[in-house]
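A closer look at the structure
Spelled out, the chains give:
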There are 2 protein chains.
Amino acid sequence: MPRAPRDRTQHERILRDLKDRIVSGAWPPGFQLPFELKLAEDYGVSRMTMNKVLSQLTREGFLVRRRKLGTFVATPQAQSAVLEITDIESEVRALGLDYGFALHERAIRPPSESERREAGIAAAEPGEVLFLRGVHFAGRAPFCLETRIISLEAAPDAREQDFSREAPGRWLLERIPWTSAEHRIRAVNAVGATAKLLGLDPGEACLEVLRRTEIAGQWVTLVRQSYPGSKHQLLAQFTPRADAG
Amino acid sequence: MPRAPRDRTQHERILRDLKDRIVSGAWPPGFQLPFELKLAEDYGVSRMTMNKVLSQLTREGFLVRRRKLGTFVATPQAQSAVLEITDIESEVRALGLDYGFALHERAIRPPSESERREAGIAAAEPGEVLFLRGVHFAGRAPFCLETRIISLEAAPDAREQDFSREAPGRWLLERIPWTSAEHRIRAVNAVGATAKLLGLDPGEACLEVLRRTEIAGQWVTLVRQSYPGSKHQLLAQFTPRADAG
DNA sequence: TAGTGGTCTAGACCACTCC
DNA sequence: GAGTGGTCTAGACCACTAG
């Protein structure tokens, strides 16, 4: 056939076709596909186009390719979920609620011992950090308690910034290009100030997200966000696998 | 220059170079790149190779491309973390601990109302599900309480399977190719059977992961995993953005 | 209408790996 | 050595969109 009838592009149509065969089980794990050149002929495209499709399916984890041996349907192993975490203001507004932020503490000081450890700051580094603590509101209800330190070396402009109304997360997001970060997610019992600021009874379960962001190996910010456990849940959407990048 | 000296491939070398410029801030958000053809000439490659690089950076969220206008450095917005979730046995063994699984309940029955709702089973569907509840052990300590239902339509072999020793997660993972799934992560206070099976005092915080897996639109399994909050945390590694797939 | 990105081709050379 | 995937080229046409 010379050309596809109603598909957007050639490789899209082939991609869909191959995925269908794999997820339907018609091509089970371990199945050997025809060789690249043969597939290209079968689908009536050039080898380059076929290669594009097969490369993408390999990146996505559907296929395994080995020189001289051929192309095989992969055995599913690791599952990678993509956890989308927008800034909290967007999250609250997406719920159709008014958003607000109230700053409770602000200080410029050297990082504490535990902060050094968690942010990965070398003991030799003499710099100061901007410490912030505040509450995000959804409507009139506390939505999230945020405790954060910001590297004044990575973000010197933060020193002059007034975060009494604007949450630091979005401010940073718009200015600092981050390259990597790390999440730790755990459940804790709310105690003391955390419980009080979130309007919880002591002992209620909280979802705690600890995020460390860095740019090119240097830490930018370390933030701990506590959500009332009963009122919040993180959503993660699965994809077959992350690409190698 | 006719050819690169010591880089694996042309597009790898260009990819690295462009990423460096973006994350270093030399090309800030909003910066307009030279046109594709110009870049290809500058780097001494064909337009196809250059396009491959620019397409990948666009998929990864570093760039935004618009016909007629040009190519621009993207403003970072949504952060997507890749949450790697291996099966629990691997997780436990990675900690250097012995792994064990103990099945507490097993039943074949129609899904309950709430299970229907959470798994997305149409009321019309008459099928039965395999219900399982068991505890994963790390050494002698309870590591995770798992409550699961499996679609006997999607996985008919599960009916004959004895899960008294082997956890159903890995069994499924090796047999059923999944196409998508969804996570809900929240914190709850342990009560009743959950607390007892995990060896917790009532009221202690638990991390609860609810996962729904499907293949080609049909649900396969719905599982609720409860971890003692104080002893477990999820780790998520950041990447700049997920590709569109 | 003109210029950009989006896609595709036919052919080529190389690298790896099994035989 | 032979056959596979990995990469690259030079050129082409198309689709979208700003002006």
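Presented here is an overview of the structure given in this document. (Residues numbered from 1 in each chain as written. Chains lettered and ligands numbered in written order. Predicted model: local features only at pLDDT ≥ 70, side-chain atom pairs only at ≥ 80, totals over all residues. Heavy atoms only, no water.)

**Here we look at the relation of the copies chain A and chain B**
After a rotation of 180 degrees and a shift along the axis of 0.0 Å, chain A superposes on chain B with an RMSD of 0.4 Å. Expressed as a symmetry operation, the mapping of one chain copy onto the other fits a two-fold axis. Relative to the rotation axis, the C-alpha of Val-82 of chain A is the closest in chain A, positioned 2.0 Å from it. A share of 98% of the interface residues of chain A reappears at the interface of chain B, consistent with the copies meeting face to face through the same patch. (Least-squares fit on C-alpha atoms with pLDDT ≥ 70 in both. Contact = heavy atoms within 4.5 Å.)

**Quick look at the packing of aromatic side chains**
In total, this model carries six aromatic pairs over all chains according to the counting rule given. Taken together, a centroid distance of 5.1 Å and an interplanar angle of 15 degrees make the contact between Trp-27 of chain A and Phe-31 of chain A stacked. (Phe/Tyr/Trp six-rings, centres within 6.5 Å; stacked < 30°, edge-to-face > 60°.)

**Notes on the pairing of strand β8 (residues 205–215) of chain A**
Residues and elements named next belong to chain A. Along β8, eleven of the eleven residues are buried, which leaves the element largely enclosed by surrounding structure. Every second residue of β8 is oriented toward a common face, with Ala-205, Leu-207, Val-209, Arg-211, Thr-213 and Ile-215 on one face and Cys-206, Glu-208, Leu-210, Arg-212 and Glu-214 on the other, all of them buried. Summarising the sheet, strand β7 (residues 180–189) and β8 pair through ten bridges and their orientation is antiparallel. Note on β8: the bridge partner recorded for Arg-184 is Leu-210. Bridging between β8 and strand β9 (residues 218–228) involves ten bridges; their strand directions are antiparallel. Across the sheet, Val-209 pairs through a bridge with Gln-225, a residue of β9. The turn linking β8 back onto β9 is made up of two residues, and Ala-216 within it adopts a positive phi angle of 50 degrees. (Buried < 20%, exposed > 50% of the residue type's maximum accessible area, 1.4 Å probe, protein only. Helix = DSSP H or I, 4+ residues; strand = E, 2+ residues; numbered from the N terminus. Pairing = 2+ DSSP bridges.)

**Focus on the protein's contact with DNA strand D**
DNA strand D sits among 22 residues. The nearest are Arg-47 and Met-48 of chain A together with Gln-10, His-11 and Thr-49 of chain B. Of everything in DNA strand D that lies within 4 Å of the protein, sugar and phosphate atoms constitute 58%. Here a phosphate oxygen of DNA strand D and a side-chain polar atom of Thr-71 of chain A are 3.3 Å apart. Measuring from a phosphate oxygen of DNA strand D, one finds a backbone N or O atom of Gln-10 of chain B at 2.3 Å. Elements with a contribution of two residues or more to the surface near DNA strand D: α3 (47–59) and β2 (70–73) of chain A together with α1 (10–23) and α3 (47–59) of chain B. Partitioning the surface near DNA strand D into residue classes produces four nonpolar, nine polar and nine charged. (Near = heavy atom within 4 Å. Polar contact = N/O pair within 3.5 Å; in protein donor to acceptor, adjacent residues only side chain to side chain. Nonpolar A, V, L, I, M, F, W, Y, C, P; charged D, E, K, R; others polar.)

Don't take any of this as a statement about function, it's just geometry.
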